[in-house]
Amino acid sequence: MDIIFGRNKKEQREPVRATVTGKIPSWLQGILLRNGPGMHTVGETRYNHWFDGLALLHSFTIRDGEVYYRSKYLRSDTYNSNVEANRIVVSEFGTMAYPDPCKNIFSKAFSYLSHTIPDFTDNCLINIMRCGEDFYATTETNYIRKINPQTLETLEKVDYRKYVAVNLATSHPHYDAAGNVLNIGTSIVDKGKTKYVIFKIPATVPGAGKKGQKPLKHTEVFCSITARSLLSPSYYHSFGITENYIIFLEQPFRMDILKMATAYIRGVSWASCLAFHGEDKTYIHIIDQRTRKPMLTKFYMDPMVIFHHVNAYEEDGCLLFDVIAYGDSSLYQLFYLANLNQNFKDNSRLTSVPTLKRFAVPLHVDKNAEVGSNLIKLPSTTARALKEKDDQVYCQPELLLEGLELPRINYAHNGKWYRYVFAAEVQWSPIPTKIIKYDVLTKSSLKWGEEHCWPAEPLFVPTPGARDEDDGIILSAIVSTDPQKLPFLLVLDARTFTELARASVDVEMHLDLHGLFIPDADWGTGTHPSREEQDGASDRHVAPQT
Ligand SMILES: CC1=C(/C=C/C(C)=C/C=C/C(C)=C/C=O)C(C)(C)CCC1
Ligand SMILES: [Fe+2]
């Protein structure tokens, strides 16, 4: 297992042509661009956690039935400093690093003090975000890195704090139909307050294309929510959205800011400053997008840990939201590389299984409703919202399916009624072994799996002009634990879950986290490079010519 999790992966800087078996639909033209950790040792030093690894971008360019693969490490400041020093010098989630071990006592003290308000890493390893015509590699700190989606080159480093006061932000933003980005971040003890800040980055700005006219410069605060605790705000990885509302879950998986401020001196990682408080509740904040104000009713649910929101929508005066929930924070524990070694199968039992749960929140709470009564009258769900005294509402979920993670949907249904969840199947271990299509309506599933194969997050791409929600294909990068079997890009018919094609590549591919598909049709608005420019002169001997 060490082979998949801990070993440094080589870059494939020049595009390499994959061997395609089966037939890729002719309409499928574009770039599947993905991100994830690829390097876990630098010189003699080793990261502790899988989420610490240096970001390795990879892409599958699909054109006229052929597939071209390439990968490049994100040349973040973190990457460059580490490589230059030949050891880990920048702290990550699970690894605290010390830039210069030979410093004298005074400079050491100074270094400790300057880490009280830490400058976080720009090792953006989690996802790719699109802002108008620009693409960024993202993590959960205040830094994002612009990248060239065709060449995978690393471009400028952007500090969110220049545009909005956040120290942390999710790597799972939402996009509206016009491409405007909505995201949420945490502003830690700023002017005496710790807040969750929802912010919007417009897709287009006046004078777009001109130098200096960047959508990020037009970022605006949409709404902010004061954290329940100044010094221990909630950790969160994503949030939910419907046509009129935003759902933010303030879970009792919290960051201890005082612990973080002293972590560097104490020689412990940021991860050690996060703790799950199983005695506490999970608070549901519902923000009305029209008024930009949170609803006043105090909605809450049991303590749980949620990384991924799946989807949410409104139905008959209720708001329904689906999440992958855990009963504790054991997922983060499992991804310590020490647990992902040869004895991995014994070490890596999740103590709580990721479960797809549906919650329902009443948008209008009748003040006269009886205490103890269920405010959800929808025939479509068994989720309940129990009226309590002092206008509190306790939400109990409908349990939909156990053992899935990395959920994706047909994004045309984001915020709207939907039927299908595409995800990786994970049972009591964190390793995905199958891809699953779950039908929320009929509660039935279709699966794809193959021996020794570990699938990445399955991404849905709709057929042009599609009417049905599942009219499209699923793309997933598959790595194999069998050295004889090459990694491949899998193309499934999203309706039947049958294999349409696979594109095998003779490279060392990493198990990635998240990404997006950029259809070729999205280019050509004038500001993007032509296909010839995209492919780059040095790539021409292998890249397709158009
Ligand atoms: C560096 C750093 C962080 C990084 C967190 C990361 C990298 C989380 C990755 C989560 C994933 C991949 C979850 C998957 O479900 C924090 C804790 C935000 C804050 C302190 C600095
Ligand atoms: Fe994620």
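My aim in this report is to walk through the structure given alongside it, one point at a time. (Residues numbered from 1 in each chain as written. Chains lettered and ligands numbered in written order. Predicted model: local features only at pLDDT ≥ 70, side-chain atom pairs only at ≥ 80, totals over all residues. Heavy atoms only, no water.)

### Quick look at the coordination of the iron ion (ligand 2)
Four donors placed tetrahedrally about a metal ideally form angles of 109.5 degrees, and six donors placed octahedrally ideally form angles of 90 or 180 degrees. Stated formally: Water is not among the atoms examined, so metal sites may look incomplete; donors are the N, O and S atoms within 2.8 Å of the metal, or within 3.2 Å for Na, K and Ca. By the criteria applied here, four donors are tetrahedral when all angles lie between 85 and 135 degrees, four are square planar and six octahedral when opposite donors are over 155 degrees apart and every other angle lies between 65 and 115, and any other arrangement is irregular. The secondary structure listing takes helices from DSSP runs of H or I that are at least 4 residues long and strands from runs of E that are at least 2 residues long, numbered from the N terminus. Here the term buried applies to any residue with accessible area under 20% of the maximum for its type, exposed to any over 50%, and partly exposed to those in between, with areas from a 1.4 Å probe on protein chains only.
Around the iron ion (ligand 2), the donor atoms from the protein are H172 (NE2), H237 (NE2), H308 (NE2) and H514 (NE2), and they sit 2.0 to 2.1 Å away. Taken together, the four donor atoms coordinating the iron ion (ligand 2) and their angles of 94 to 148° define a geometry best described as irregular. Within one chain, the residues donating to the iron ion (ligand 2) are spaced in sequence as H-x64-H-x70-H-x205-H. Taken together, the residues span a long stretch of sequence, with H308 in strand β25 (residues 305-315) and H514 in strand β40 (residues 514-519) at a distance of 206 residues. Of the two residues, H308 and H514, both sit in the buried class.

### Brief notes about the side chain of T186
Where we set the bar: Two N or O atoms count as a polar contact when they lie within 3.5 Å, although within protein this holds only if one can serve as hydrogen donor and the other as acceptor, and sequence-adjacent residues are included solely when both atoms are side-chain atoms. Only heavy atoms matter for contacts: two residues are in contact if any of them lie within 4.5 Å across the pair.
Mapping T186 onto the fold places it in strand β15 (residues 181-190). In terms of polar contacts, T186 uses its side chain to reach the side chain of Y236, at 2.7 Å. With sequence-adjacent residues up to four places away left out, T186 is seen in contact with V166, N167, L168, T194, K195, Y196, P233 and Y236.

### Observations concerning the site of ligand 1
Defined as follows: One heavy atom suffices: a residue is near a molecule or strand as soon as one of its heavy atoms comes within 4 Å of it. Surface exposure here means Shrake-Rupley accessible area, sampled with a 1.4 Å probe, where a residue is shielded only by the protein chains that are shown. When residues are sorted by character, Ala, Val, Leu, Ile, Met, Phe, Trp, Tyr, Cys and Pro go into the nonpolar class, Asp, Glu, Lys and Arg into the charged class, and all the rest, Gly among them, into the polar class.
Around ligand 1 there are 18 residues in total, and F51, H237, W270, H308 and Y332 lie nearest to it. The protein chains hide 97% of the 540 Å² of surface that ligand 1 would expose on its own. Across the shell around ligand 1, the residue classes break down as twelve nonpolar, five polar and one charged.

### Examining helix α2 (residues 77-85)
One turn of the α-helix equals 3.6 residues, which is why residues spaced by three or four share an orientation. What counts is decided by this rule: Arc, as used here, means the arc of the directions from the helix axis to the C-beta atoms.
Within the span of α2, buried status applies to T78, Y79 and N82. The buried residues of α2 occupy one face: seen down the axis, they fall within an arc of 100°. Positive backbone phi, approximately 55°, marks N86, located one or two places after α2.

### Re the environment of W417
As for its position among the elements, W417 is in the loop between β31 (404-408) and β32 (420-425). Taking the C-alpha atoms as reference, W417 lies 7.4 Å from E314; in sequence the two are 103 residues apart. With near-sequence residues (within four places) excluded, W417 lies in contact with Y313, E315, L441 and E469.

### Regarding the nonpolar core
The following threshold applies: Within this scheme, the nonpolar core is defined by two criteria: the residues are buried Ala, Val, Leu, Ile, Met, Phe, Trp, Tyr or Cys, and they are joined through side-chain atoms within 4.5 Å.
Among the nonpolar cores identified, the biggest contains 114 residues, and I284, F321 and L475 are the most heavily contacted of them. Broken down by element, the residue count for this core peaks at eight residues, all from strand β26 (residues 318-326). Other than its neighbours up to four places away in sequence, I284 contacts I247, F248, L249, F299, Y300, M301, F321, V361 and C395.

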